[in-house]
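Breakdown of the fold
Given next are the chains, with one letter for each unit.
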Amino acid sequence: MPMSEFRIVVLRDRIMAVHGAHIPEVQVRLLVPQWRTTMGLFDTVELYDVHLPEYPEGITPAEDVDWQTKGIDRPSMTTFRITADGRLLKEEWHTEAVPPEDRPYASRDDVDEDDLLYMAGCRNRVHDGWTERDDYHGRFELTHSFENLDTLVTYQVTFTHGQLEGFERLR
């Protein structure tokens with residue numbers, strides 16, 4: 001089926017894929033419930049010498065895991081750290097242009113300059129340091145999916161005026 005004859009329309013809580021949407025009478029319609037958790041931006045949280053209660057045995061140590069959250073500010077693919085003394089740090093960074101010869105696909109014969117793959121890897125993230133979030137007051141969740149567990153491991157983290165109050169295992 002040519003792509004021009006296939007449309008995807010998002011309506012409230014449903015995703016509708018419609019074939020033949022260009023004609024008044026829709027011939028085939030497929031309604032699929034939207035995922036309960038939508039994919040999107042997140043932030044990474046690193047733990048430094050921090051104890052997590054009820055941490056599962058036999059898996060990667062918590063300090064070696066890249067935890068994900070969507071609950072600190074608006075997610076922007078940045079990195080936060082929770083330190084041993086209970087501080088919340090935010091990574092500061094900027095990006096720099098990567099020349100085409102150093103990009104993963106730009107030098108391939110089957111990729112033209114107007115191809116989306118040509119742009120892949122065009123920016124490099126450069127670490128500028130850490131700033132303390134001593135103003136953070138609230139709760140957020142940390143989540144990680146371990147290959148050898150059947151469920152996500154999730155903790156609720158509580159900060160009061162920039163100081164860690166504690167962790168609570170949710171699942």
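First, a word on what this report is: a plain description of the structure on this page.

On to the overall build of the chain, then. A count of helical and extended segments in the chain gives 1 helix and 11 strands. Counting from the amino terminus, helix and strand elements in the chain follow one another as β-β-β-β-β-β-β-α-β-β-β-β. In the chain, which comprises 171 residues, the proportion classed as buried is 31%. Contacts in the chain between residues at least 24 apart in sequence constitute 54% of all its contacts with a sequence separation of at least 6. Working note: accessible area of the chain is about 12000 Å², and carbon and sulfur atoms make up 49% of it.

With that settled, consider the pattern of salt bridges. Applying the stated criterion across every chain yields a total of 7 salt bridges. Taking the shortest distance from any N to any O, the salt bridge between Glu46 and Arg81 comes out at 2.8 Å. Note that Glu46 is positioned in strand β4 (residues 43-47) and Arg81 in strand β6 (residues 79-82), a separation of 35 residues in sequence. Given the relative accessible area of 21%, Arg81 is considered partly exposed. Between Arg133 and Asp135 there is a salt bridge, and its shortest N-O distance comes to 3.0 Å.

Phi angles above zero are rare outside glycine, and Asp73 is one such case at about 55 degrees. Looking at the element boundaries, Asp73 is found in the loop between β5 (67-69) and β6. Even without being a glycine, His161 presents a positive backbone phi close to 50 degrees. Structurally, the position occupied by His161 is in the loop between β10 (152-160) and β11 (163-169). According to the relative accessible area criterion, His161 is exposed, its value standing at 59%.

Reading the values: the criteria
- Residues numbered from 1 in each chain as written.
- Predicted model: local features only at pLDDT ≥ 70, side-chain atom pairs only at ≥ 80, totals over all residues.
- Heavy atoms only, no water.
- Helix = DSSP H or I, 4+ residues; strand = E, 2+ residues; numbered from the N terminus.
- Buried < 20%, exposed > 50% of the residue type's maximum accessible area, 1.4 Å probe, protein only.
- Contact = heavy atoms within 4.5 Å.
- Areas by Shrake-Rupley, 256 points an atom, 1.4 Å probe, with all protein chains shown as cover.
- Salt bridge = Lys/Arg side-chain N within 4 Å of Asp/Glu carboxyl O.

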